[in-house]
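What the coordinates show
Spelled out, the chains give:
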Amino acid sequence: MGLYRVVEVLEWIGLTPRTEDLKAAALNELRYRLEGLYDDEIGLIIAVLDVDIVSDGYVPPLPGDPRIYYQVKYKVLTFIPIMFEIIRGVVRDARQPGIFVSLGPIDGFVHKSQIMDEPVEYLPDRRGFRGRESGRIVEINDIVRARIVQISKPKRAAGVRVALTMRQPYLGKEEWIAKEAK
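So, how was this worked out
Residues numbered from 1 in each chain as written. Predicted model: local features only at pLDDT ≥ 70, side-chain atom pairs only at ≥ 80, totals over all residues. Heavy atoms only, no water. Helix = DSSP H or I, 4+ residues; strand = E, 2+ residues; numbered from the N terminus. Rg over C-alpha atoms; globule rule 2.2 N^0.38 Å. Buried < 20%, exposed > 50% of the residue type's maximum accessible area, 1.4 Å probe, protein only. Contact = heavy atoms within 4.5 Å. Areas by Shrake-Rupley, 256 points an atom, 1.4 Å probe, with all protein chains shown as cover. Lys, Arg positive; Asp, Glu negative; His and termini not counted. Charge placed at Lys NZ, Arg CZ, Asp CG, Glu CD. Pairing = 2+ DSSP bridges. Expected span 1.5 Å × (residues − 1).

Assigned secondary structure in the chain consists of two helices and 13 strands. In terms of C-alpha radius of gyration, the chain reaches 22 Å, well past the compact-globule figure of 16 Å for 182 residues. Across its three principal axes, the chain shows a C-alpha extent of roughly 70 × 30 × 25 Å. Here the chain holds 182 residues, and 39% of them are scored as buried. Expressed as a percentage of contacts within the chain between residues at least 6 apart in sequence, the contacts between residues at least 24 apart total 59%. Only carbon and sulfur atoms are counted for the fraction: they give 51% of the accessible area of the chain, which is about 10500 Å². Of the side chains in the chain, 27 bear a positive and 26 a negative charge, and the two mean positions are spaced by 5 Å.

Pasting the structure below:
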């Protein structure tokens, strides 16, 4: 489900001169600055895993900047949703417009028109949807299979949007798929 990978990065960061434990300060700075960002090349940065200071400190001739700059090498865990990939996830929420499926670090959205190959009705008391013809129901905590059909990639994780469909053969609630396979 999506591509998880560990990426090694080399860059310069500025730290305040009051810092005694440089490695811990660098790790905190990188986590604060990077975790939750979406980078077009490496994907959604889930966590900064490790950091090493690889240079002596450098004080740039910039008035008003009290930081000392160090070159650091660090590793980040990233996630990249892949177009047209079939994912397996848990329905996390259901609302009038559709259902939200957990993809791990982010949620995907299935519009109500993409839940089944038939019209559906929202069931607010069950927080789910029922097919008007088949009577099949999908609701919170159901395990589903869906295909990624659109990805928007803004800079913050909260803005990463993944659109899903369940209207293709062998997609949908897993118990429906099992019945179809028989």
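Another aspect to go through is the pairing of strand S4 (residues 68-80). Summarising the sheet, strand S1 (residues 3-15) and S4 pair through 13 bridges and their orientation is antiparallel. Within S4, the position partnered with Val-7 by the bridge is Val-76. Across eight bridges, strand S3 (residues 43-53) lies against S4 in antiparallel orientation. Among the inter-strand pairings, Ile-45 is bridged to a residue of S4, identified as Thr-78.

Turning our eyes to something else, we now look at helix H1 (residues 22-34). Compared with an ideal rise of 1.5 Å per residue, which puts 13 residues at 18 Å, H1 spans 18 Å between its outermost C-alpha atoms and is within 8% of the ideal. For H1, the set of buried residues is Ala-25, Ala-26, Leu-27, Leu-30 and Leu-34. The inward-facing, buried residues of H1 abut S1, S3 and S4. Gly-36, located one to two residues past H1, shows a positive phi value of around 95°.

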